[in-house]
Amino acid sequence: MGLTRRVIPCLDLKDGRVVKGVNFEGLRDAGDPVELARTYNEQGADEVVFLDIAASKNNRETMVDVIGRAADQLFLPLTVGGGIRTTKDIQEILRAGADKVSLNTAAVKTPEVISEGAKLFGNQCIVLAEDVRRNYEMRDGVTPVHLRDGRTCWYEVVIYGGSQPTGMDAISWAQDAVNRGAGEILLTSMETDGVKTGFDLEITATISENVDVPVIASGGVGTLEHFYDGFVFGKADACLAASVFHYGELTVRDVKEYLSSRGVSVRL
């Protein structure tokens, strides 16, 4: 695997603190975001993602402060998402020190924010954060995905932290977002989020095969092998994880040395 793959810690933020849950629920405190990000920087992370899961207006000032403190101390790309709805919001986050913004609910509700953001700030700054879940009720107009257990489903886009289904096909939406100007896709499967059984390889591989921008696999890491599977079988360009890093189960260095030993090209 000649192309260098990225390992990315993700920090879910609420009221200025890092939190982590399972299947988007049961949140518990995991520490100070800037301290954690500094640790990951020292461990050799390729970039860091901050996601404001509270995404309220009064939390925006807290996020801007966190981004500013992090940007002053880190020497790696910083992606920020959560509650970003307009190009003005994008500009504010980028000015605070972020390199990229991720758009999820806002991109579904007002897709033009993708194209407008890409035009103003460049495709490389716009990341589509796509949360998906399996739907076994097949219908016309969706892309069938065949699972390893022999079943067939399609993947539905969900918004508002996974609480609201949209009826949108995940593969079609990924392609549409890229056509509009998204330069990267951060893909999270609700089925695997936080449960440490590995990435949802079927949807990760399918999205990766159907778009021509980098895909970040997210949701489900529990072991070193899960990272390998995400790159080799999920065909991801980057793998993102949270709790295994936050609670000291693995370090970024552990992951990269393991991947390198198995022939995956990483920056050591």
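Owing to the predicted nature of the structure, the values given are computational and were not obtained by experimental measurement.

**Q** Help me get a handle on the overall build of the protein, residues and values and all.
**A** Within the protein, the secondary structure is distributed over 10 helices and 13 strands. For 268 residues, the compact-globule estimate of 2.2 N^0.38 gives 18 Å, and the C-alpha radius of gyration of the protein, at 17 Å, lies within 12% of that figure. For the protein, the C-alpha atoms occupy an extent of roughly 50 × 45 × 35 Å along the three principal directions. Buried residues in the protein amount to 57% of all 268 residues. For the protein, contacts bridging at least 24 residues in sequence account for 66% of all contacts bridging at least 6. Carbon and sulfur atoms provide 46% of the accessible area of the protein, an area that totals close to 11,300 Å². Computed over 28 positive and 39 negative side-chain charges, the separation of the two mean positions in the protein equals 2 Å.

**Q** Can you lay out the pattern of salt bridges for me, pointing to particular residues and giving the numbers?
**A** In the structure shown here, the tally under the stated rule is 16 salt bridges. The closest approach of N and O atoms between Lys100 and Glu184, which form a salt bridge, is 2.9 Å. Here Lys100 is found in strand β6 (residues 100-103), whereas its partner Glu184 is found in strand β11 (residues 184-189), with 84 residues between them in sequence. Using a relative accessible area of 10% as the deciding quantity, one classes Lys100 as buried. Of the residues examined, Glu184 reaches a relative accessible area of 5% and is grouped as buried.

**Q** Please provide a residue-by-residue account of the UniProt feature "active site" (unreviewed entry) in the protein, values included.
**A** Residues annotated in UniProt with the feature "active site" (unreviewed entry) correspond here to Asp12 and Asp131. Spatially, the listed residues are clustered: although they cover 120 residues, their C-alpha atoms lie within 14.4 Å of one another. Summarising the element assignment, Asp12 is placed in strand β1 (residues 6-14). Take Asp12: its relative accessible area is 14%, and that puts it in the buried class. Mapping Asp131 onto the fold places it in strand β7 (residues 126-135).

**Q** Lay out the packing of helix α3 (residues 87-96) against helix α5 (residues 112-121) in plain terms, naming residues and giving numbers.
**A** Put simply, α3 and α5 touch, their axes get as near as 10 Å, and they point 45° apart. What the angle tells us is that α3 and α5 run oblique. The chirality of how α3 crosses α5 is right-handed. Across from Thr87, Ile90, Gln91 and Leu94 in α3, the residues of α5 making contact are Val113, Glu116, Gly117, Leu120 and Phe121. Here the residues of the contact of α3 with α5 sort into five nonpolar, three polar and one charged.

**Q** Outline the pairing of strand β13 (residues 238-241), supporting the account with residue identities and numerical values.
**A** Alternating residues of β13 divide into Ala238 and Leu240 and Cys239 and Ala241, and every residue in both groups is buried. For β1 and β13, the ladder comprises four bridges, and the chain directions are parallel. Paired with Ile8 across the bridge in β13 is Leu240. Note that strand β12 (residues 215-218) and β13 share three bridges and pair parallel. Directly across from Ile216, in β13, lies its bridge partner Ala238. After leaving β12, the chain enters helix α8 (residues 224-232) and then returns to the sheet as β13, a path that is right-handed.

**Q** I'd like to hear about the packing of aromatic side chains, residue by residue, with values.
**A** If you walk through the whole model with that rule in mind, you get two aromatic pairs. With a centroid separation of 5.9 Å and 55° between ring planes, the pair formed by Tyr40 and Phe245 is classed as tilted. With a gap of 205 residues between them, Tyr40 in helix α1 (residues 33-43) and Phe245 in helix α9 (residues 243-246) connect regions that are remote in the sequence. Each member of the pair, Tyr40 together with Phe245, is buried. For the pair Phe227 and Phe245, a centre-to-centre distance of 5.9 Å together with 35° between the ring planes defines the contact as tilted. With Phe227 in helix α8 and Phe245 in helix α9, the pair connects residues that are 18 residues apart, well separated along the chain. A single burial state applies to Phe227 and to Phe245, both of which are buried. By the ring-pair criterion, three or more aromatic residues cluster together here, those being Tyr40, Phe227 and Phe245. Here Arg262 stacks its cationic end above the ring of Tyr228, 3.6 Å away from the centre of that ring.

Criteria and cut-off values
Residues numbered from 1 in each chain as written. Predicted model: local features only at pLDDT ≥ 70, side-chain atom pairs only at ≥ 80, totals over all residues. Heavy atoms only, no water. Helix = DSSP H or I, 4+ residues; strand = E, 2+ residues; numbered from the N terminus. Rg over C-alpha atoms; globule rule 2.2 N^0.38 Å. Buried < 20%, exposed > 50% of the residue type's maximum accessible area, 1.4 Å probe, protein only. Contact = heavy atoms within 4.5 Å. Areas by Shrake-Rupley, 256 points an atom, 1.4 Å probe, with all protein chains shown as cover. Lys, Arg positive; Asp, Glu negative; His and termini not counted. Charge placed at Lys NZ, Arg CZ, Asp CG, Glu CD. Salt bridge = Lys/Arg side-chain N within 4 Å of Asp/Glu carboxyl O. UniProt positions renumbered as here; feature names shortened; annotations may be inferred. Axes fitted to C-alpha atoms, helices over the stretch in contact; angles between N-to-C directions. Parallel < 35°, antiparallel > 145°, perpendicular 65-115°, else oblique. Left-handed = near helix turned anticlockwise from the far one by under 90°. Nonpolar A, V, L, I, M, F, W, Y, C, P; charged D, E, K, R; others polar. Pairing = 2+ DSSP bridges. Right-handed = clockwise from strand over helix to strand, strands pointing away. Phe/Tyr/Trp six-rings, centres within 6.5 Å; stacked < 30°, edge-to-face > 60°. Lys NZ or Arg CZ within 6 Å of the ring centre and 35° of its normal.

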